[in-house]
Amino acid sequence: MAGMDAVLIDQMSRLLAREATEHRLRQARAGQAADGWAEIEAAGVALALVPEAKGGLGLDAMTVLAIARAHGRVGAPWPLAAAMAPVGDGPWGAALASAEIAGLCETALAMTLDWTQTRQQFGKPLAKNQAVQHGLAQMAAETAAAGAAVGLAALGCQGGQPALVAAAKARTSEAAGIVAALAHQLHGAIGVTADHRLALFTRALWHRRDAHGSEHAHHAAIGATLLAGGSLWEHVCDEPLLDPGTSTSSADRFRFPLVGETAARAALRAEVRAFLGDELAGLPAEVRAHSWNGHSPDFSRKLGQRGWLGMTWPKAHGGHERSALDRLVVIEELLAAGAPVAAHWIADRQTGPLILKHGTPAQQAAILPAIARGEYFACIGMSEAGAGSDLAALATSAQAVEGGWRVSGTKLWTTYAHKAHAMLLLCRTGQGQRHEGLSQLLVPMDSPGLSVRPIIDLMGEHHFNEVHFDDVFVGREALVGREGNGWAQVMSELAYERSGPERFLSTLVLAEELVRALGPAAPAAAHAPIGRLAAHLMVLRQMARGMAALLEAGEDPALEAAMVKDLGATFEQSIPDVARSLLPLIEQPPESLLATLDATIHIAPMVSLRGGTREILRGIIARGLGVR
């Protein structure tokens, strides 16, 4: 798949911005033909999809949709989509409308950011109010999702799969309604006046939302096809084998590079599925619904033997030097199937990468190969009774003594501390305010003076713990990274925790059980709710792939990771609600569905808490937008 023509996109963006005057925007909103079209047409946009052999430009899908997105950014006053893709030209109309919506969302967000930072109320800018910040964060996340959906549409057009375009159009149409509503809410009364420019963009959003099929129409069509096939996960993974080279536009506000499925990754996916089909045979769905909490050292060792732990690490440290995208394939399949991953999960996802980046050679040699073998389990020592979301308020301290430190304090909500070999502890080792003087220590869980008290969850199960340190000695070699650099290290660690598919796949087992129970003869009333889940999941997968590409490139996408986590939590928590609403359509719901629904209802409240609460994540997004 060819990459985008950045020079052409830049030239067209400049032309569109120059010609999209306010007068022409108002002409378009009044239903008149906007002036300036001749200049746009003369630039060759009508020839964008015409093959070069026939005298056209023969542009690739990504370039075409990037131009349409630029058209949306300036207010979309001309019939660009109709010119690029004449009526009846397959899925292109819906794809181009999706791209224009994404551009319109970006400008509506930019206008709202500017207004809320300018408008003064109660002696401060509107944007300094937390409620406004959270509204802006939601706008930003929806805008980012719309942008990622355009990438999905590009893959669908290039690979000849209209289903991907339908999902993209459904997701961008939904984003259009949310972004427009929030833009008007945050602008207040001035935003609903005829004189203000906001309506020039929101009216275009409302129009494009229904052009080439509304989200409701696409959801219903997707759901009908999916139910006929019998699997939500298989449907969303059915995509063309194309490698766009992790392309993204420098003009994109949020970094979600487009990443497609390749033949090599498809082969790996098939291998993992076959392995899981054998390993999980007979494991009830209600048990698999506890994938995150399923603790099986034997299963973790089997993953290690297959090279599916420590996948991206150097071979010298026991790793396998695979790509982050290869690892993403394995993680997706494990979670979608409901495999018991809890034993190795934290060590493989967070502890190992942190030691690889900041650890000493001795730490790396002792710990990384053991993690890669599935024989070393870790827990996270961050939260405390008075320092949950406000992590910088932690009080656990480590006093320097001869040969090391003496640790005193208590950590809370420490998952599987009772089965871990070590805790990666964040504590105070020095003086300073809040973020200052923090360090990370790798503490063996069998250290004298360390005690673990179980905390029983809603299901009556023991996953959480309170861990108390009573003057626990740890040697100088326990320090991970640089003393006093703990806060920076933890923030980079959280990017790994927040950006992966575990943020939208941990309740998928229920969705699969629901699809199976509804079956191909499901009433039409079930089609749209199931189709909506599929459209959201397809876009979330694109966003997670972009995160994997950024992390592999050594970047720290904290803002984008927070968006994936926020959108993913909302998606996960919607699944039990959808299941409950569709149960009456199933004449005799199978016991496996009812048991899985009960388990997932009890899991769902944790989804928007673990890895950072929804409110904290929206604060992080607001900070990334420059309003906090």
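Definitions and cut-offs
Counting from 1, residues in each chain are numbered in the order their sequence is written. For a predicted model such as this one, the threshold for reporting local features is a pLDDT of at least 70, and the threshold for listing and counting side-chain atom pairs is 80 or more; totals across whole chains, interfaces and linings nevertheless cover every residue. As a rule here, side-chain values come from all non-hydrogen atoms in the structure, and water together with hydrogens is ignored. For the purposes of this entry, the term helix denotes a DSSP run of H or I that reaches at least four residues, the term strand denotes a run of E that reaches at least two, and both are numbered from the N terminus. Residue exposure (1.4 Å probe, protein chains only): buried if accessible area is under 20% of the type maximum, exposed if over 50%, otherwise partly exposed. Contact criterion: two residues are considered in contact whenever any of their non-hydrogen atoms come within 4.5 Å of each other. Calculation of accessible area relied on Shrake-Rupley with a 1.4 Å probe; when residues are assessed, cover is drawn exclusively from the protein chains displayed. Counted charges follow a simple rule, with Lys and Arg positive, Asp and Glu negative, and His plus the chain ends left uncounted. To locate a charge, the coordinates of NZ of Lys, CZ of Arg, CG of Asp or CD of Glu are taken. Multiplying 1.5 Å by the helix residue count minus one yields the expected span of that helix. The arc under discussion is defined with respect to the helix axis, by the directions toward the C-beta atoms. Strands are treated as partners if at least two bridges between them are detected by DSSP. A side-chain nitrogen of Lys or Arg and a carboxyl oxygen of Asp or Glu constitute a salt bridge if their distance falls within 4 Å. What counts as a ring pair is set by centres within 6.5 Å for rings of Phe, Tyr and Trp (its six-membered ring), and what kind of pair is set by the plane angle: stacked under 30 degrees, edge-to-face over 60, tilted for all other angles. Polar contacts, as counted here, are pairs of nitrogen or oxygen atoms within 3.5 Å of one another; within protein the pair requires one atom able to donate a hydrogen and one able to accept it, and residues that are adjacent in sequence qualify only if both atoms are side-chain atoms. Between the N-to-C directions of two axes lies an angle of 0 to 180 degrees, each axis being a line fitted to C-alpha atoms and, for a helix, fitted only over the stretch in contact. Orientation categories follow fixed angle ranges, with anything under 35 degrees roughly parallel, anything over 145 roughly antiparallel, 65 to 115 roughly perpendicular, and all other angles oblique. Ten residue types, Ala, Val, Leu, Ile, Met, Phe, Trp, Tyr, Cys and Pro, are classed as nonpolar, four, Asp, Glu, Lys and Arg, as charged, and the remainder, Gly among them, as polar. Each crossing gets its handedness from the near helix: less than a right angle anticlockwise from the far helix is left-handed, clockwise is right-handed.

Colleague: Describe the overall build of the protein chain, listing the residues and the values that go with them.
Modeller: Scanning the protein chain from N- to C-terminus turns up 23 helices and ten strands. Out of the 628 residues belonging to the protein chain, those deemed buried represent 61%. If you take every contact in the protein chain between residues at least 6 apart in sequence, the share linking residues at least 24 apart comes to 76%. As displayed, the protein chain offers around 23,700 Å² of accessible surface, 54% of which is attributable to carbon and sulfur atoms. Computing the positive centroid from 53 side-chain charges and the negative centroid from 63, the protein chain places the two 4 Å apart.

Colleague: Lay out helix 12 (residues 263–279) with the relevant residues and their values.
Modeller: Here helix 12 spans 24 Å end to end across 17 residues, near enough to the 24 Å set by a 1.5 Å rise per residue. Every buried residue belonging to helix 12 is among Arg 265, Leu 268, Arg 269, Val 272, Phe 275 and Leu 276, and all of these are buried. Taken down its axis, helix 12 places every buried residue within 130° of arc, on the same side. What points out from helix 12, more than 90 degrees from its buried face, is the exposed set Ala 263 and Asp 278. Packed against the buried residues of helix 12 are helix 11 (232–236), helix 14 (297–305), helix 15 (324–337) and helix 20 (527–552).

Colleague: Account for the pairing of strand 6 (residues 422–428), naming residues and giving values.
Modeller: Counting buried residues in strand 6 gives seven out of seven residues, a clear majority hidden from the surface. Covered by surrounding structure in strand 6 are Ala 422, Leu 424, Leu 426 and Arg 428 together with Met 423, Leu 425 and Cys 427, the residues of both alternating faces. As paired strands, strand 6 and strand 7 (residues 438–444) are joined by seven bridges and run antiparallel to one another. Residue pairing in the sheet places Met 423 in a bridge with Val 443 of strand 7.

Colleague: I'd like a description of helix 2 (residues 22–29), backed by residues and values.
Modeller: Residues of helix 2 that are buried include every one of Arg 24, Leu 25, Gln 27, Ala 28 and Arg 29, and no others. Tucked into the core, helix 2 has its buried residues touching helix 1 (6–19) and helix 9 (198–210). Looking at the residues trailing helix 2, positive phi occurs at Gly 31, about 85°.

Colleague: Tell me about the pattern of salt bridges, and name the residues and values.
Modeller: Applying the stated criterion across every chain yields a total of 34 salt bridges. A salt bridge links Asp 10 to Arg 14, with the shortest nitrogen-to-oxygen separation between them at 3.0 Å. Placement of both Asp 10 and Arg 14 in helix 1 is noted, with a separation of four residues, approximately one turn of the helix. The exposure class assigned to Asp 10 is partly exposed, which follows from its relative accessible area of 37%. In this structure, the salt-bridge partner of Glu 22 is Arg 26, at a minimum N-O distance of 3.0 Å. Of the two residues, Glu 22 and Arg 26 are both situated in helix 2; the distance of four residues between them amounts to about one turn of the helix. The network of salt bridges with common partners includes Glu 239, Glu 261, Arg 269, Arg 273, Glu 332, Glu 333, Arg 541 and Arg 545.

Colleague: Could you give an account of the environment of Glu 215, naming the residues involved and the relevant values?
Modeller: Turning to its location among the elements, Glu 215 is positioned in helix 10 (residues 215–229). Note: C-alpha distance between Glu 215 and Ala 141 (74 residues apart in sequence) is 18 Å. If near-sequence neighbours (up to four positions away) are discounted, Glu 215 is found in contact with Ala 170, Ser 173, Glu 174 and Arg 209.

Colleague: An account of the packing of aromatic side chains is requested, with residue identities and associated values reported.
Modeller: All told, the structure shown has three aromatic pairs when counted by the stated rule. Pairing Phe 275 with Trp 308 gives two aromatic rings, centres 5.4 Å apart and planes at 80°, and the pair type is edge-to-face. Of this pair, Phe 275 sits in helix 12 while Trp 308 sits in the loop between helix 14 and helix 15; the two residues are 33 residues apart in sequence, bridging distant segments of the chain. As far as burial versus exposure is concerned, Phe 275 and Trp 308 are alike and both buried. With centroids separated by 5.6 Å and ring planes inclined at 80°, the aromatic side chains of Trp 413 and Phe 464 adopt a geometry described as edge-to-face. Of this pair, Trp 413 sits in the loop between strand 5 (404–411) and strand 6 while Phe 464 sits in strand 9 (residues 462–475), and the two are 51 residues apart along the sequence. With a relative accessible area of 45%, Trp 413 lands in the partly exposed category. Counting every residue linked through ring pairs, the aromatic cluster contains Phe 275, Phe 299 and Trp 308.

Colleague: So, unusual backbone geometry: which residues are in play, and what are the values?
Modeller: Phi angles above zero are rare outside glycine, and Ala 76 is one such case at about 50°. As for its position among the elements, Ala 76 is in the loop between helix 4 (61–73) and helix 5 (80–84). Despite not being glycine, Asp 471 shows a phi value in the positive range, around 55°. Structurally, Asp 471 is set in strand 9. Assessed through its relative accessible area of 40%, Asp 471 is described here as partly exposed.

Colleague: Describe the side chain of Glu 572, listing the residues and the values that go with them.
Modeller: With respect to the helices and strands, the residue Glu 572 is situated in helix 21 (residues 558–582). Nearest to the buried, unbridged Glu 572 among oppositely charged side chains is Arg 610, at 4.3 Å. There is a polar contact of 2.3 Å between the side chain of Glu 572 and the side chain of Ser 506. In this structure, Glu 572 is in contact with Glu 502, Arg 503, Phe 504, Leu 505, Ser 506, Thr 507, Val 607 and Arg 610, ignoring residues within four places of it in sequence.

Colleague: Can you break down the packing of helix 7 (residues 130–159) against helix 23 (residues 614–625) residue by residue, with the values?
Modeller: Axis separation between helix 7 and helix 23 bottoms out at 8 Å; the angle between their running directions is 80°. Judged by the inter-axis angle, helix 7 sits roughly perpendicular to helix 23. On helix 23, the residues that touch Gln 133, His 134, Leu 136, Ala 137, Gln 138 and Ala 140 of helix 7 are Glu 615, Arg 618, Gly 619, Ile 621, Ala 622 and Leu 625. Of the residues belonging to the contact of helix 7 with helix 23, the class tally is six nonpolar, four polar and two charged.

Colleague: Provide a residue-level description of the packing of helix 20 against helix 21, including the pertinent values.
Modeller: Helix-helix packing: each pair is described by the crossing angle between the helix axes and the interaxial distance. Packing of helix 20 against helix 21 brings their axes to within 10 Å, and their N-to-C directions diverge by 160°. On the basis of their axis angle, the class for helix 20 and helix 21 is roughly antiparallel. Viewed along their axes, helix 20 and helix 21 form a crossing whose handedness is left-handed. In contact with Pro 529, Ile 530, Leu 533, His 536, Leu 537, Leu 540, Met 543 and Met 547 of helix 20, helix 21 contributes Glu 560, Ala 561, Val 564, Leu 567, Gly 568, Phe 571, Ser 574, Ile 575, Val 578 and Leu 582.

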